[in-house]
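# Breakdown of the fold
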Amino acid sequence: MTKQCELGWREATDLSGKVVVVTGVASGIGRATAIQFAGAGATVYGGDINEAGGNEVVSQIREAGGKAQFVPVDLTDHDSIDRFVDTILDKTGKAVDVIASVAGWERVGPFLENTPDFWDRVISINYLAPVRMIHRFLPAMIERGQGARIVTVASDAGRVGSMGETFYSGSKGAIIAFTKSLARETARYGITANCVAPGVTDTPLFHDGIQNPKLKEALINAVPMRRLAKSSEPANMILYFATPAADFITGQVISVNGGLTMHG
Ligand SMILES: NC(=O)c1ccc[n+]([C@@H]2O[C@H](COP(=O)([O-])OP(=O)(O)OC[C@H]3O[C@@H](n4cnc5c(N)ncnc54)[C@H](O)[C@@H]3O)[C@@H](O)[C@H]2O)c1
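Residues numbered from 1 in each chain as written. Predicted model: local features only at pLDDT ≥ 70, side-chain atom pairs only at ≥ 80, totals over all residues. Heavy atoms only, no water.

Further remarks concern helix H8 (residues 166–186). Counted at 1.5 Å a residue, the expected span for H8 with its 21 residues is 30 Å, and the 30 Å between its end C-alpha atoms agrees. When H8 is considered as a whole, its buried residues turn out to be Tyr168, Ser169, Ser171, Lys172, Ala174, Ile175, Ile176, Phe178, Thr179, Leu182, Ala183 and Thr186. In this structure, the buried side of H8 is in contact with helix H6 (116–144), strand E5 (149–153), helix H7 (157–160), strand E6 (192–198) and strand E7 (253–256). (Helix = DSSP H or I, 4+ residues; strand = E, 2+ residues; numbered from the N terminus. Expected span 1.5 Å × (residues − 1). Buried < 20%, exposed > 50% of the residue type's maximum accessible area, 1.4 Å probe, protein only. Contact = heavy atoms within 4.5 Å.)

What follows is the structure, given as structure tokens:
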């Protein structure tokens, strides 16, 4: 019998003692992810450009008895990403178990009205930043040799396309393809890489990113379960991919979307 079969569900979902890096901790899904990892006994290093918001989440975690530290990062800035990684490697003695790359950015609008500056921002935050961050953390994760976990966050837009999110969909399709190929390369080190694709989720990105109330209503009506996801719902799947229960799952994309899209 394999080790996995011998584990009970409680042990198979145990995250206590894990060192976890989460980006986008100041808000929405990243915030929920950080809070849930800390609640499950992990030590969280949270990054965000919003320092006040990030520090607030860290204080909330600590007040509840959890372990967390905020490390500022601007994901549009290479030097800032490098400083973020170096700070965490230094503070943890290069012992990082999980990367949850959650931060993202978008504004909905017709492709023909996009500007090159908008494309640069979207591709930097949603694709190039996670790639750079993972590239910098990976050698230490391989050296540690303890079966690290990488979880990226895409979007259903990156799986099936989305009206008014043409370039954003491309950036999310890129992170999906990257995660799958990365999973093939890291499997030999026992490191898994998986991707969570949220549908419409009740966060500031959804509310600020879509100005048209009719479009919001139409999106919610298109969800078979007829509501937005709570931030904790995609966060639950991010945590699951980080647990021993998901040891044999790699290169997968799971949508958390109330049935908005269904994939074979
Ligand atoms: N909310 C949705 O409906 C939805 C749907 C599909 C996918 N997603 C994806 O889920 C992820 C989380 O989104 P959310 O809805 O929680 O959004 P959110 O806006 O609530 O949170 C995003 C976080 O990323 C941070 N961030 C943005 N730009 C940054 C930068 N340059 N450097 C560092 N941090 C930066 C923000 O400060 C914020 O704290 C994103 O990758 C997003 O694309 C969200």
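Core analysis: the biggest nonpolar cluster contains 34 residues, and Phe84, Ile88, Val96, Phe137, Met141 and Ile150 have the highest contact counts within it. Residue assignment for this core shows that the elements contributing at least two residues are strand E1 (19–23), helix H5 (78–92), H6, H8 and E6. Ranked by size, the runner-up nonpolar core spans 26 residues in total, among them Val22, Ala42, Val44 and Val98. (Core = buried A, V, L, I, M, F, W, Y, C linked by side-chain atoms within 4.5 Å.)

On to the pairing of E6, then. Counting buried positions along E6 yields seven of seven residues, so the element is predominantly enclosed. Every second residue of E6 is oriented toward a common face, with Thr192, Asn194, Val196 and Pro198 on one face and Ala193, Cys195 and Ala197 on the other, all of them buried. With five bridges connecting them, E5 and E6 associate as parallel partners. Within E6, the position partnered with Thr152 by the bridge is Cys195. (Pairing = 2+ DSSP bridges.)

This part covers the pattern of salt bridges. Pairing between side chains of opposite charge can happen when the charged atoms of each approach one another. Applying the stated criterion across every chain yields a total of six salt bridges. Between Arg136 and Asp82 there is a salt bridge; the shortest N-O distance is 3.2 Å. Within this pair, whereas Arg136 is found in helix H6, its partner Asp82 is found in helix H5, the two being separated by 54 residues in sequence. By relative accessible area, Asp82 is classed as buried at 16%. Across the pair Asp247 and Arg149 runs a salt bridge whose closest N-O atoms are separated by 2.3 Å. Taken as a pair, Asp247 in the loop between helix H11 (232–242) and E7 and Arg149 in strand E5 lie far apart in primary sequence, 98 residues in all. The class for Arg149 is buried, based on a relative accessible area of 6%. (Salt bridge = Lys/Arg side-chain N within 4 Å of Asp/Glu carboxyl O.)

What follows deals with the site of the ligand. Around the ligand sit 29 residues, and of these Ser27, Ile29, Asp48, Tyr168 and Thr203 come closest. One of the side-chain nitrogen or oxygen atoms of Lys172 is found 2.9 Å away from an oxygen atom of the ligand. Between an oxygen atom of the ligand and a main-chain N or O atom of Gly199, the distance comes to 3.4 Å. In the complex, 92% of the free accessible area of the ligand, which totals 830 Å², lies under the protein chains. (Near = heavy atom within 4 Å. Polar contact = N/O pair within 3.5 Å; in protein donor to acceptor, adjacent residues only side chain to side chain. Areas by Shrake-Rupley, 256 points an atom, 1.4 Å probe, with all protein chains shown as cover.)

With that settled, the discussion passes to the side chain of Asn126. Structurally, the position occupied by Asn126 is in helix H6. In this structure the side chain of Asn126 is engaged in a polar contact, spanning 3.3 Å, whose partner is the side chain of Ser171. Those residues in contact with Asn126, other than ones at most four positions away along the chain, are Gly104, Trp105, Tyr168, Ser171, Lys172 and Ile175.

Attention now moves to the sheet that holds strand E3 (residues 67–72). Strand order in the open sheet formed by seven strands is E3-E2-E1-E4-E5-E6-E7, with parallel pairing between adjacent strands. At either margin of the open sheet sits one strand with a lone partner, and together these are E3 and E7. The mean angle between the axes of side-by-side strands here comes to 20 degrees, regardless of whether they run parallel or antiparallel. Where E6 meets E7, four bridges bridge the pair, whose relative direction is parallel. In the sheet register, Cys195 faces E7, and the bridge partner there is Val253. Helix-sheet contacts for H8 involve E5, E6 and E7, and the interaxial angle to E6 is about 155 degrees. (Axes fitted to C-alpha atoms, helices over the stretch in contact; angles between N-to-C directions.)

Moving on to the pairing of E3. Side-chain positions along a regular strand alternate between the two faces of the sheet. Judged from the six bridges that link them, strand E2 (residues 43–48) and E3 form a sheet pairing that is parallel. Across the sheet, the residue bridging to Asp48 is Pro72, located in E3. As for the winding sense of the linkage, the β-α-β connection from E2 through helix H4 (residues 51–63) to E3 is right-handed. (Right-handed = clockwise from strand over helix to strand, strands pointing away.)

Here the focus is the packing of H5 against H6. It is at 10 Å that the axes of H5 and H6 come closest, and there the two elements cross at 30 degrees. Considering the angle they form, H5 stands roughly parallel to H6. Handedness of the H5/H6 crossing: right-handed. Two secondary-structure elements touch here, H5 through His78, Ile81, Asp82, Phe84, Val85, Asp86, Ile88 and Leu89 and H6 through Ala129, Arg132, Met133, Arg136, Phe137 and Ala140. The class makeup of the residues in the contact of H5 with H6 is nine nonpolar, one polar and four charged. (Parallel < 35°, antiparallel > 145°, perpendicular 65-115°, else oblique. Left-handed = near helix turned anticlockwise from the far one by under 90°. Nonpolar A, V, L, I, M, F, W, Y, C, P; charged D, E, K, R; others polar.)

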